[in-house]
Amino acid sequence: MAPNKVETILTTPFDGQKPGTSGLRKPVGVFQQPHYSENFIQASLLAGLGVKLNGSSLAVGGDGRFFCREAVHLVIKMAAANGVSKIVLGQNGILSTPACSHIIRKWELNGGFILTAGHNPGGSKGDFGIKFNIENGGPAPECITDKIYELTTTLTEYKIVPKLKVDITKVGTSTFKVAGREFTVEVIEITADYLQLMREIYDFDAIRSFLKGQRVILNGMNGVTGPYLQRIFVEEMGVPSESCINCEPLPDFGGRKPDPNLTYASDLVAVMKKGDHDFAAAFNGDGNRYMILGHRGFYVNPCDSLAVLASKLEYIPYFKQRGVKGFARSMPTSEALDRVALHLGKECYQTPTGWKFFGNLMDSGKINLCGEESFGLGSDHIRENDGIWAVLAWLSVMACTQKSVAQILMEHWLVHGRNFFTRYDYENVSVEAADKMVEGLTKLIEDPKTKGMTFSDPTGRSYKMSYLDNFEYEDPTDHSTSKNQGIRFLFEDGSRIIYRLSGTVSSGATIHIYVEGYERNENAQFYKQDPQEVLKPLVTIALRTSKLKELTGRDVPTVIT
Ligand code: G6P
């Protein structure tokens, strides 16, 4: 048999290959089943590239989690068989999600495969994921993910070059002959393009000299950001190498969930509370999420982080040169951003959860900055959320203002008031219980009496319902609609309770309850107030109304942010 022979393999569909908020995420064992990954890759190639498939070019990379290498080789072998002519691959199959988005755009590729399950646990018993990004560098929109899913339900065969051998460990270009055509794999060093982009966006000299007087900790959480942190902060900015911790990408992320929040990065919070450092950040598995802490562990809620940066974009050369048209946030993200937009006279859009919904708004020039409460923040420099970009943005603002994280937040709240925000996560509850909860809440939405009702907590604090629905979105550019994107209870005083099921879990269900209350405090005592205390009455109402405890048997959430 000729070494690069294309083979057509007969297969049958698998149930449940429906991409969620961010690609298809399942336990590793599911992806390891014969034909399972192949089916999904074949459907993604056909639906994602359509008529462009023959002769197309793709970026490929992942966060280094367990099964990444195997998946990289599968994508290469199947892309070659399906007529793709060029693959740009991160060395050893590694690329952060933001870097991959940038490479698709910079190299003008037709799309890319990002092999990651984001913040989900890794290792042989953890999760794996495959995400297809389109030529704008962003996650495929719903019209494409729906097509991918549809194809997975009818697929009868896939194409592969089983014997194609590509050395993914060495930087360089290899060309192969496949079915009479040329197929090229260009293995690239993973940090160079991304570093260059960051240099174009930020004033590195200013950040470098600011960092000289700062004691920082940057925690890669053994995800993909490690090499980028070393390259940018240690080599470029001169930060001591011991300031960058957990920077070796590991297949199991060192055994913990690579999700930068107060629970899964609690050790970083504990270190910061000692008061020996001024600034800290942690990142998720694939580098699109970030968390920022200031001196003594001062926590920056991602909703506030988005609003603060929106109000300070003039400190970032990229925005200073290009101007700013508007902003966007996912629906559950607090309305702190809307206040800034109003103040500045800019547009502010509210989208469903998932970065894919920001793509059209950025492509049409309507927005330049967007973010989500789930620790995602980004701009139109790429089409993904970008953790390291967010940290550089904060450092730029701190360098220009010479102010600490806490000072910046406090000044912000004085001008705009404070949107207190918390999210309760109930991880791994039964799908049945979660569905029952949604069913009960839907009945409330359908009951005309609910609007106008007063909801009270045991202490007598009451809130009058002004509006409720299950959020629907119409994209202002292509007018596509997305339904059932989260149940919203909006109260007369501006408070909100939102219920939504996570779209990134690999099995079972995770319930998110988002609670928000706004205060304008003339005494400027905001910083002394604990969001958990302020929001207690609303949280009590949210839990009671949803019957969460009765339905799930859960007394306490798994994570509070
Ligand atoms: C990832 C994606 C985000 C998405 C989020 C949703 O971080 O990059 O774009 O919004 O997951 O997670 P959830 O669990 O709330 O569905």
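Rules behind the numbers
Residues numbered from 1 in each chain as written. Predicted model: local features only at pLDDT ≥ 70, side-chain atom pairs only at ≥ 80, totals over all residues. Heavy atoms only, no water. UniProt positions renumbered as here; feature names shortened; annotations may be inferred. Helix = DSSP H or I, 4+ residues; strand = E, 2+ residues; numbered from the N terminus. Rg over C-alpha atoms; globule rule 2.2 N^0.38 Å. Contact = heavy atoms within 4.5 Å. Areas by Shrake-Rupley, 256 points an atom, 1.4 Å probe, with all protein chains shown as cover. Lys, Arg positive; Asp, Glu negative; His and termini not counted. Charge placed at Lys NZ, Arg CZ, Asp CG, Glu CD. Expected span 1.5 Å × (residues − 1). Buried < 20%, exposed > 50% of the residue type's maximum accessible area, 1.4 Å probe, protein only. Core = buried A, V, L, I, M, F, W, Y, C linked by side-chain atoms within 4.5 Å. Polar contact = N/O pair within 3.5 Å; in protein donor to acceptor, adjacent residues only side chain to side chain. Pairing = 2+ DSSP bridges. Near = heavy atom within 4 Å. Nonpolar A, V, L, I, M, F, W, Y, C, P; charged D, E, K, R; others polar. Salt bridge = Lys/Arg side-chain N within 4 Å of Asp/Glu carboxyl O. 1 Å grid on protein atoms, 1.4 Å probe; cavity = no way out; pocket = protein on both sides within 12 Å on 5 of 7 lines; lining within 4 Å. Points joined across faces, edges and corners; volume = space filled by probe spheres on them. Axes fitted to C-alpha atoms, helices over the stretch in contact; angles between N-to-C directions. Phe/Tyr/Trp six-rings, centres within 6.5 Å; stacked < 30°, edge-to-face > 60°. Arc of directions from axis to C-beta.

Under an unreviewed UniProt entry, the name given to the protein is phosphoglucomutase (alpha-D-glucose-1,6-bisphosphate-dependent), and the organism recorded is Candidula unifasciata. Annotation of the protein in UniProt includes, under Catalytic activity (unreviewed entry), the sentence "alpha-D-glucose 1-phosphate = alpha-D-glucose 6-phosphate". Annotation of the protein in UniProt includes, under Cofactor (unreviewed entry), the sentence "Mg(2+)".

Enquirer: Just checking my understanding: could you explain the overall build of the protein for this structure?
Expert: Assigned secondary structure in the protein consists of 19 helices and 27 strands. Here the protein has a C-alpha radius of gyration of 23 Å; the compact-globule value for 561 residues is 24 Å, and the two agree. Of the contacts made within the protein by residues no fewer than 6 positions apart, 72% connect residues no fewer than 24 positions apart. Carbon and sulfur atoms make up 50% of the accessible area of the protein, which totals about 21,400 Å². Separation between the mean location of the 61 positive side-chain charges and that of the 64 negative ones in the protein comes to 1 Å.

Enquirer: How do you make sense of helix α14 (residues 387-401) when you look at a structure like this?
Expert: With 15 residues, α14 ought to run about 21 Å at 1.5 Å a step, and its terminal C-alpha atoms sit 21 Å apart, in line with that. α14 sits mainly inside the fold: 14 of its 15 residues count as buried. Two residues or fewer past α14, Gln402 is found with a positive phi of approximately 55°.

Enquirer: Teacher, can you tell me more about the nonpolar core here?
Expert: One finds Met198, Tyr202, Phe233, Phe279, Trp389 and Trp394 to be the most contacted residues of the largest nonpolar core, which totals 75 residues. Counting residues per element, this core draws most heavily on α14, which supplies eleven residues. When neighbours within four sequence positions are excluded, Phe233 is seen to be in contact with Leu211, Leu218, Tyr228, Gly238, Val239, Cys244, Ile388, Val391, Leu392 and Leu395. In this structure, Leu49, Cys68, Leu164 and Phe183 belong to the second largest nonpolar core, which totals 48 residues.

Enquirer: Hey, could you run me through the side chain of Lys131 in this one?
Expert: Tracing the backbone shows Lys131 in strand β6 (residues 127-134). In this structure Lys131 comes out as buried when scored by relative accessible area, which is 4%. Within the structure, the side chain of Lys131 is placed 2.7 Å from the side chain of Glu384, a separation counted as a polar contact. Apart from residues no more than four positions distant in its own chain, Lys131 is found in contact with Ser22, Gly23, Thr97, Gly112, Phe113, Ile114, Pro139 and Glu384.

Enquirer: Sorry, what's going on with the sheet that holds strand β11 (residues 244-245) here?
Expert: Strand pairing in a sheet relies on backbone hydrogen bonds, with the paired strands running either antiparallel or parallel. The strand order across the open sheet formed by five strands is β11-β10-β12-β13-β14, and the pairing between neighbours is mixed. Taken across any chain shown, the strands that pair with only one partner, and hence form the sheet edges, are β11 and β14 (299-300). Sheet topology places strand β12 (residues 279-283) next to strand β13 (residues 290-294); five bridges connect them, and they run antiparallel. The partner of Ala281 across the bridge, within β13, is Ile292.

Enquirer: I tried to follow the UniProt feature "domain: Alpha-D-phosphohexomutase alpha/beta/alpha" (unreviewed entry) in the protein on my own but got confused; where do I start?
Expert: In this structure's numbering, the residues bearing the UniProt feature "domain: Alpha-D-phosphohexomutase alpha/beta/alpha" (unreviewed entry) are residues 17-158, 193-297 and 320-413. The annotated region residues 17-158 carries 37% helix and 24% strand content, and the separation between its end C-alpha atoms amounts to 15 Å. Overall, residues 193-297 shows 36% helix and 15% strand. The separation of its end C-alpha atoms is 33 Å.

Enquirer: Looking at this structure, how should I read the site of the ligand?
Expert: The local shell around the ligand holds 15 residues, among which Glu372, Arg500, Ser502, Gly503 and Thr504 are the closest. Between Gly354 and the ligand, the recorded distance is 3.2 Å, taken from a backbone N or O atom to an oxygen atom. Burial of the ligand by the protein chains amounts to 98% of its free accessible area of 390 Å². Here the shell around the ligand is composed, by residue class, of one nonpolar, eleven polar and three charged.

Enquirer: When you look at the pattern of salt bridges in this model, what are you seeing that I'm missing?
Expert: When charged atoms on two side chains of opposite charge get close, those side chains can pair. Counted according to the given criterion, the structure contains 27 salt bridges. Shared partners join several salt bridges into a network, and the residues in it are Arg199, Arg231, Glu235 and Glu236.

Enquirer: Any chance you could explain the environment of Asp338 here in plain terms?
Expert: For Asp338, the location among the structural elements is in helix α12 (residues 336-344). Taking the C-alpha atoms as reference points, Asp338 and Leu313, separated by 25 residues in sequence, lie 15 Å from one another. Apart from the residues within four sequence positions on either side, Asp338 is in contact with Arg329 and Cys348.

Enquirer: Could you clarify how one ought to interpret the layout of surface pockets in this entry?
Expert: The gaps left among the atoms become clear once a water-sized probe is rolled over them. Computed from the structure, the largest pocket encloses a volume of approximately 930 Å³. Around the largest pocket sit 37 residues that line it, and Gly20, Thr21, Leu501, Ser502 and Gly503 are the ones nearest its centre. For the lining of the largest pocket, the secondary-structure elements that each account for two or more residues are β2 (24-27), α5 (142-152), α16 (431-446), β25 (496-501) and β26 (509-519). Sort the elements by how many residues they give to the lining of the largest pocket and α5 lands first, with four residues. Partitioning the lining of the largest pocket into residue classes produces eleven nonpolar, 17 polar and nine charged.

Enquirer: Explain the sheet that holds strand β8 (residues 172-178) here, please?
Expert: The strand order across the open sheet formed by seven strands is β2-β6-β5-β3-β4-β9-β8, and the pairing between neighbours is mixed. Across the chains shown, the open sheet's two edge strands, defined by having one partner strand only, are β2 and β8. Adjacent strand axes in the sheet meet at a mean angle of 15° when their direction is disregarded. Bridging between strand β3 (residues 57-62) and strand β4 (residues 86-94) involves five bridges; their strand directions are parallel. For Gly62, the partnering residue across the bridge sits in β4 and is Ile94.

Enquirer: Even after reading the chapter, I still don't get the packing of aromatic side chains, so can you show me in this structure?
Expert: Aromatic ring pairs are reported here in terms of the distance separating the ring centres and the angle at which the planes meet. On inspection of all chains with the given rule, the structure shows 17 aromatic pairs. Taken together, a centroid distance of 6.3 Å and an interplanar angle of 40° make the contact between Phe455 and Phe489 tilted. One end of the pair, Phe455, is in strand β20 (residues 454-456); the other, Phe489, is in strand β24 (residues 487-491), and 34 residues separate them in sequence. Their ring planes at 75° and their centres at 6.0 Å tell us that Phe455 and Phe491 sit as a pair that is edge-to-face.

Enquirer: Which parts of the structure should I look at to understand the pairing of β12?
Expert: Most of β12 is tucked away, with five of its five residues classed as buried. Residues Phe279, Ala281 and Phe283 line one face of β12 and the alternating positions Ala280 and Ala282 line the opposite face, and both faces are buried. One ladder, built from four bridges, connects strand β10 (residues 216-219) with β12; its direction is parallel. Residue Val216 lies in a different strand from β12, and its bridge partner there is Phe279.

Enquirer: Looking at this model, I keep getting lost on helix α15 (residues 405-416). Mind explaining?
Expert: Each α-helix turn comprises 3.6 residues. Residues three or four places apart therefore point the same way. Between its terminal C-alpha atoms α15 stretches 17 Å, which fits the 16 Å expected from twelve residues at 1.5 Å a residue. Taken as a whole, α15 has its buried residues at Val405, Ala406, Ile408, Leu409, His412, Trp413 and His416. In a view along the axis of α15, the buried residues occupy a sector of 160°, so they form one face of it. Of the residues trailing α15, Gly417 is marked for its positive phi of about 80°.

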